[in-house]
Amino acid sequence: MAHDGVHHDYHLVKPSPWPLIGSAAAVLLAWGLVIWLKGIFGLPKGTWWVMAVGMLGVIVTMAAWWSDVVKEGNEGDHTPVVSIGLRYGMILFIASEVMFFVAWFWIFFEMALFHHVRTLSPIDDVRTAWATWPPKGIELVPPFELPLVNTLTLLLSGTTVTWAHHALQVGDRRGAKIGLALTIALGILFTSIQAFEYHHILTDHLFYSEESSNAGLYGSAFFMATGFHGFHVIIGTIFLTVCLARLIGGGFTPKQHFGFEAAAWYWHFVDVVWLFLFTFLYVTFGSGWGH
């Protein structure tokens, strides 16, 4: 690589405003969330515009900064050495996401596996509430209905994104576009089914029980884990949609397509997390195990 008389494999980025702008937007977003929830700096609770401005700044930063990275790749700055760094970065990002889900699984497992420890409490209400898990009186989501459909949907999407990746590697751009479009459609289908499931849970008050004071803990753990995963599905769908747009616009080659590869890694990560969610939250601990 030789740019401006520099002969080495490392790409030194030009000065960019996006780290500073992104940091300021993130701080504004955090402040805005606190203002919306509690009210600070003389602004009353429920004031939403500060959070909206911060969110807009974060979105603009992500779009512009990633656009710059794409331009760098198109200009030949992503040498093999630079590509290795990008791969390590994506791997570390996915590893950090794994730790998020470990936290959500941890609290659910702690309550499911060790609820009997709380029955040693001298307080009658506590002993009664923790005698069973899931809490007595709540209605669970049948695992082999909508959750199973969503499981099959994500598993199928894993095959279509792999097909698209392989097609791109062998130069079959049409096959790559079809595989990507199918993956995006399956991602949207998954989100739609989960939204319908949430609507059913909330409308029919499935996780509400007057018999157990800890019924809310089950709902909180369930929605935190599945909702956080659902958010990742939405992000992954957007990621793949951008890749499809780049592919249609002539981007990516059989030898240089890390943006697509990173999206495929992320999507497979989302698939694996859902298999854990389905196995433990819906089937193992969501089918009355522990009663």
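How each quantity is defined
Residues numbered from 1 in each chain as written. Predicted model: local features only at pLDDT ≥ 70, side-chain atom pairs only at ≥ 80, totals over all residues. Heavy atoms only, no water. Helix = DSSP H or I, 4+ residues; strand = E, 2+ residues; numbered from the N terminus. Buried < 20%, exposed > 50% of the residue type's maximum accessible area, 1.4 Å probe, protein only. Patch = residues over 30% accessible without salt bridge, like charges linked within 9 Å, V, L, I, M, F, W, Y side chains within 5 Å. Areas by Shrake-Rupley, 256 points an atom, 1.4 Å probe, with all protein chains shown as cover. Salt bridge = Lys/Arg side-chain N within 4 Å of Asp/Glu carboxyl O. Core = buried A, V, L, I, M, F, W, Y, C linked by side-chain atoms within 4.5 Å. Contact = heavy atoms within 4.5 Å. Axes fitted to C-alpha atoms, helices over the stretch in contact; angles between N-to-C directions. Parallel < 35°, antiparallel > 145°, perpendicular 65-115°, else oblique. Left-handed = near helix turned anticlockwise from the far one by under 90°. Nonpolar A, V, L, I, M, F, W, Y, C, P; charged D, E, K, R; others polar. Phe/Tyr/Trp six-rings, centres within 6.5 Å; stacked < 30°, edge-to-face > 60°. Lys, Arg positive; Asp, Glu negative; His and termini not counted. Expected span 1.5 Å × (residues − 1).

Draft legend 1. Local environment of the overall build of the protein. The helix and strand tally for the protein stands at eight helices and two strands. Tracing the protein from N to C terminus, the helices and strands come up as β-β-α-α-α-α-α-α-α-α. Across its three principal directions, the C-alpha atoms of the protein cover 80 × 50 × 30 Å. In the protein, which comprises 291 residues, the proportion classed as buried is 39%.

Draft legend 2. Quick peek at a nonpolar patch on the surface. Where nonpolar side chains cluster on the molecular surface, the patch consists of Leu-33, Trp-36, Leu-37, Trp-48, Trp-49 and Val-53 and spans about 650 Å² of accessible area. When contributions to the nonpolar patch are tallied by element, the ones reaching two or more residues are helix H1 (18-37) and helix H2 (49-74). With three residues, H1 is the largest single contributor of residues to the nonpolar patch. Take Trp-36: it is sitting in helix H1. Taking relative accessible area as the criterion, Trp-36 reaches 40% and is therefore assigned partly exposed.

Draft legend 3. Inspection of the pattern of salt bridges at higher detail. Evaluation of the coordinates by the stated rule reveals one salt bridge. A salt bridge links Arg-87 to Glu-261, with the nearest nitrogen and oxygen atoms 2.6 Å apart. Note that Arg-87 is positioned in helix H3 (residues 80-113) and Glu-261 in helix H8 (residues 258-284), a separation of 174 residues in sequence. We classify Arg-87 as partly exposed; its relative accessible area is 27%.

Draft legend 4. Layout of the environment of His-166. Along the chain, the position of His-166 falls in helix H5 (residues 146-169). On the basis of relative accessibility, which here comes to 47%, the residue His-166 falls in the partly exposed class. Once the C-alpha coordinates of His-166 and Gly-179 are considered, the two residues, 13 residues apart in sequence, prove to be 9.7 Å apart.

Draft legend 5. Structural context of the nonpolar core. Counting residues in each nonpolar core, the largest one holds 54 residues, and the members touching the most others are Leu-180, Tyr-218 and Phe-222. Every element with two or more residues in this core is listed here: H3, H5, helix H6 (173-203), helix H7 (215-248) and H8. The dominant element in this core, judged by the number of residues it contributes, is H8, at 15 residues. Beyond its immediate stretch of four places on either side in the chain, Leu-180 contacts Ala-164, Leu-240, Cys-243, Leu-244, Leu-247 and Phe-260.

Draft legend 6. Representation of the packing of H3 against H7 within the structure. Relative to each other, H3 and H7 sit at 160 degrees, their axes nearing to 8 Å. Judged on the interaxial angle alone, H7 and H3 are roughly antiparallel. In terms of crossing hand, the pair formed by H3 and H7 is left-handed. On H7, the residues that touch Met-90, Glu-97, Phe-100, Phe-101, Trp-104, Phe-108 and Met-111 of H3 are Leu-217, Tyr-218, Ala-221, Met-224, Ala-225, Phe-228, His-229, His-232 and Phe-239. Partitioning the contact of H3 with H7 into residue classes produces 13 nonpolar, two polar and one charged.

Draft legend 7. Focus on unusual backbone geometry. Even without a glycine there, the phi angle at Phe-41 is positive, about 55 degrees. Its relative accessible area of 59% is what places Phe-41 among the exposed residues. Residues other than glycine seldom take positive phi values, yet His-205 does so here, at roughly 55 degrees.

Draft legend 8. Representation of the packing of aromatic side chains. Overall, the coordinates contain 26 aromatic pairs when judged by the stated rule. Measuring from ring centre to ring centre gives 5.8 Å for Phe-258 and Trp-265, while their planes differ by 80 degrees; the resulting arrangement is edge-to-face. Taking the centre distance of 5.7 Å and the plane angle of 50 degrees together, the rings of Trp-274 and Tyr-282 count as tilted. We classify Trp-274 as buried; its relative accessible area is 1%. Three or more aromatic residues joined by ring pairs form one cluster here, namely Phe-108, Phe-144, Phe-190, Tyr-198, Phe-207, Tyr-218, Phe-222, Phe-223, Trp-274, Phe-278 and Tyr-282.

Draft legend 9. Summary view of the side chain of Asp-271. Within the element layout of this structure, Asp-271 appears in helix H8. The side chain of Asp-271 is buried and forms no salt bridge, while Arg-87, the nearest opposite charge, is found at 19 Å. What Asp-271 contacts, discounting residues up to four positions off in sequence, is Leu-154, Ser-157 and Gly-158.

Draft legend 10. Focus on H3. In this model, H3 (34 residues) spans 47 Å end to end at C-alpha, consistent with the 50 Å of a helix rising 1.5 Å per residue. Residues of H3 that are buried in the fold lie against H7 and H8.

Draft legend 11. Structural context of the packing of H6 against H7. Here H6 crosses H7 at 155 degrees, and the two axes come no closer than 9 Å. Considering their axes alone, H6 and H7 lie roughly antiparallel with respect to each other. Pair H6 / H7 crosses with left-handed handedness. Taken together, the residues that form the contact of H6 with H7 break down as 18 nonpolar, 10 polar and three charged.

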